[in-house]
Every structure is written in C-alpha cells, then in structure tokens.
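Working through the structure, step by step
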Amino acid sequence: MPTLFRFLAVLGTIAGIVAGSLYVLAEYFQPEPKEISKALRNVKAEPLAADATASTTPKEPSITLPPTHRAQ
C-alpha cells in the first residue's frame, strides 16, 4: 500500500506542475496578433466585369465553390 500512495503522490505532483505551468502560460504570456493568409484549393474567383472597374465603389469578386461542395 505505501508504494501505491507514493505512486499517486508522484502522479499528483506531476499533474500539479503541468497544471501550474499551463496556468502561468495562459495568464502571463499573450501571443502576438498577426495576419494569416492561406490559399484555398479548388476555389476560383470570378473576374471583375469591365463596367465594375469604372465604378467608384469597387466590388469584391464573388467566390464560386466546386460542384462537390455541399452547404452544411
């Protein structure tokens, strides 16, 4: 029985150290915000029409999804 208590004490100590280090990382260190851009596969943007380029408010190109995409 003493070895079981010793084993549980060691596991509790390790769990306490891990939980404490995660708490310190979460509370005292903040990640730097940065912009991420990633290319999307199988997604094509429609080109802008000639009359839309002359407009004062440029329109965003619409994105078409491949036919295999299903709305969830």
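Residues numbered from 1 in each chain as written. Predicted model: local features only at pLDDT ≥ 70, side-chain atom pairs only at ≥ 80, totals over all residues. Heavy atoms only, no water.

**Looking at the overall build of the protein**
Test applied: For the purposes of this entry, the term helix denotes a DSSP run of H or I that reaches at least four residues, the term strand denotes a run of E that reaches at least two, and both are numbered from the N terminus. Any residue under 20% of the maximum accessible area for its type is buried, any over 50% is exposed, and the rest in between are partly exposed; the area is computed with a 1.4 Å probe on protein chains only. In these tables, accessible area is a Shrake-Rupley quantity obtained with a 1.4 Å probe, and a residue counts as shielded only by the protein chains included in the view.
When helices and strands are tallied, the protein shows two helices and two strands. Start at the N end of the protein and walk to the C end: the helices and strands fall as α-β-α-β. Buried positions account for 1% of the 72 residues belonging to the protein. Carbon and sulfur atoms make up 63% of the accessible area of the protein, which amounts to about 7500 Å² in all.

**Topic: a nonpolar patch on the surface**
Our working rule: By definition, no residue in a patch forms a salt bridge, and every one has over 30% relative accessible area; like charges are joined within 9 Å, nonpolar side chains (Val, Leu, Ile, Met, Phe, Trp, Tyr) within 5 Å. Salt bridges are defined as contacts in which a side-chain nitrogen from Lys or Arg sits within 4 Å of a carboxyl oxygen from Asp or Glu.
On the surface, Val10, Ile14, Val18, Leu22, Tyr23, Val24, Leu25, Tyr28 and Phe29 cluster together into a nonpolar patch covering about 930 Å² of accessible area. By secondary structure assignment, the location of Val18 is in helix H1 (residues 2-28).

**Remarks on the confidence of the model for the protein**
Test applied: One number per residue, pLDDT, summarises how confident the predictor is, and it ranges from 0 to 100.
Confidence in the prediction of the protein, expressed as mean pLDDT, is 79, and 65% of residues score 70 or more. In the model of the protein, helix H2 (residues 50-53) stands out as the element of lowest mean pLDDT, 53, in contrast to H1, which has the highest, 96.

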